[in-house]
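This is what each chain is made of:
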Amino acid sequence: MQGTAQPVAANLQNLKSTNLWARFKDNAPKLNAEQVEAYLKANGRKASSLLAAYRTSGDAALLTEAMEKYPNDPQVAFEAIFAKDLSPEQRRQWLNAFEQNAPDNPLANYLSARDYFEAGQTDQAIQELLAASDKRQFTDYTLSRRQDDEEAYLAAGYSTAEAKVIASSQVLLPQLAQLKQLGVQMVDLANSYRHSGDDASAQAVLQMAAGLGQSYSAGDCAISHLVGLAIERIALSAMDADSPYGNAGHTVQQQRDLLTQQKIEIATLFAENESLLETLSDQDWISYIDRDKSFGEEAALRWAVEQRKLSRAALETLAII
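The structure displayed is predicted, hence computed values, not measured ones. (Residues numbered from 1 in each chain as written. Predicted model: local features only at pLDDT ≥ 70, side-chain atom pairs only at ≥ 80, totals over all residues. Heavy atoms only, no water.)

### Quick word on the overall build of the protein
- Within the protein, the regular secondary structure consists of 17 helices and two strands.
- On the principal axes, the C-alpha backbone points of the protein span a range of 80 × 55 × 25 Å.
- Within the protein, buried positions represent 45% of all 321 residues.
- When contacts within the protein are restricted to residue pairs at least 6 apart in sequence, long-range pairs at least 24 apart make up 63% of them.
- Approximately 15,900 Å² of the protein is accessible, and the part contributed by carbon and sulfur atoms is 50%.
- Taking the 29 positively charged and 43 negatively charged side chains of the protein as two groups, their mean positions are separated by 4 Å. (Helix = DSSP H or I, 4+ residues; strand = E, 2+ residues; numbered from the N terminus. Buried < 20%, exposed > 50% of the residue type's maximum accessible area, 1.4 Å probe, protein only. Contact = heavy atoms within 4.5 Å. Areas by Shrake-Rupley, 256 points an atom, 1.4 Å probe, with all protein chains shown as cover. Lys, Arg positive; Asp, Glu negative; His and termini not counted. Charge placed at Lys NZ, Arg CZ, Asp CG, Glu CD.)

Below, the structure written as structure tokens:
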């Protein structure tokens, strides 16, 4: 029975030695030209492949190619909106293209509204917000972007676990900052209505701002969830704290307290368990990312925490035996 001591000690050490997350979370590698061309040769120069090649290599020429070849693809338009060095006129063209080619996605209208606010075109921004309020098929393409990037890294020779971790850590979410800014702009608009004595319009805009936050609260990434909570809280902060809110019988203040608690729970979950990610095995990382895609990042981390508890309990049992 003494022979079990060495394997148990070795297993405990292995739990601490895996550092896939530490290797890639802040230093995601970029694919070189040869790797990109091999990936495109195998997958074709279709819109999704060109966009994945652009994101994983940083080669802006690939985005330009996608924009020229696929001007009616909504994901191309989405990516183009955030391209560097676009003139305001070019950005407006791609915002319009996004709306036209994703007519059921309110994200296109929200990003367009934010752009109109920035340009001082408040009436057009309001029209975009009204259009967004009637749409329910909200998507920011995060899952599909990550999947495409993952396949590009796999094609370049990275292992399954490496490809999943790199694709998850390197994907950019520039829309989050813009949507949070839009939430602030909507509250400013509501305040201007209120100062002019139009309380009904002020309340309507605040409700739309809260709806924007709720849309993003259901996002796949924890950061998207947090931004959604922040936007809704910004809207609630401009409402009468004692007024009723939603269909759950809450007041505005009670809803604000609930959102604050949710924010604390998410932040605590990741703060207390981030070091756990550095100890996951490659197979655990594959399971973690797959669960992240299916159920969201928070659910995936809770699963990893539970798996660690089970592993430690099993090792402790072996040590006792």
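Having seen the structure, we can now continue with the description.
### Considering the confidence of the model for the protein
- Per-residue confidence for the protein averages 89 on the pLDDT scale, and 90% of its residues sit at or above 70.
- In this model residues 1-18 is a low-confidence stretch, pLDDT under 50, and it forms 16 contacts with partners more than four residues away in sequence or in other chains. (pLDDT = per-residue confidence, 0-100.)

### Some remarks on the packing of aromatic side chains
- Applying the stated criterion across every chain, the model contains nine aromatic pairs.
- Ring centres of F98 and Y141 lie 6.2 Å apart, and the angle between their planes is 50°; this geometry places the pair in the tilted category. Here Y141 lies in the loop between α9 (122-133) and α10 (142-155) and F98 lies in helix α7 (residues 88-101), a separation of 43 residues in the sequence.
- A relative accessible area of 11% places Y141 in the buried class.
- Here Y110 and F138 contribute two aromatic rings whose centre-to-centre distance is 6.4 Å and whose plane-to-plane angle is 50°, an arrangement assigned as tilted. Residue Y110 is found in helix α8 (residues 106-118), and its partner F138 is found in the loop between α9 and α10; the two are separated by 28 residues along the sequence.
- Overall, Y110 belongs to the buried group, its relative accessible area being 5%.
- Look at F138 and you get partly exposed, because its relative accessible area is 22%.
- Taken together through their ring pairs, the aromatic side chains of F78, F82, F98 and Y141 make up a single cluster.
- Positioned above the aromatic ring of Y116 is the side chain of R92, whose terminal nitrogen or guanidinium carbon lies 3.8 Å from the ring centre. (Phe/Tyr/Trp six-rings, centres within 6.5 Å; stacked < 30°, edge-to-face > 60°. Lys NZ or Arg CZ within 6 Å of the ring centre and 35° of its normal.)

### Examining unusual backbone geometry
- A positive phi angle, close to 65°, is found at D85, a residue other than glycine.
- As for its placement among the helices and strands, D85 is situated in the loop between α6 (74-81) and α7.
- Residue classification places D85 among the exposed positions, given a relative accessible area of 78%.
- Positioned with a positive phi, Y141 is a non-glycine residue whose angle comes to about 65°.

### A word on the pattern of salt bridges
- For the structure shown, the criterion picks out 13 salt bridges.
- In this structure, E79 engages R55 in a salt bridge whose closest nitrogen and oxygen atoms are separated by 2.8 Å. Taken together, the positions of E79 in helix α6 and R55 in helix α4 (residues 47-57) put the pair 24 residues apart, joining distant regions of the chain. Taken individually, E79 and R55 each receive the classification buried, so the pair is uniform in this respect.
- When salt bridges that share partners are traced, they join E37, R45, E65 and K69 into one network. (Salt bridge = Lys/Arg side-chain N within 4 Å of Asp/Glu carboxyl O.)

### With respect to the environment of A132
- Locating A132 in the fold gives a position in helix α9.
- Classification of A132 by relative accessible area gives buried; the value is 1%.
- Each C-alpha atom, one on A132 and one on Q254, is 27 Å from the other, the two residues being 122 residues apart in sequence.

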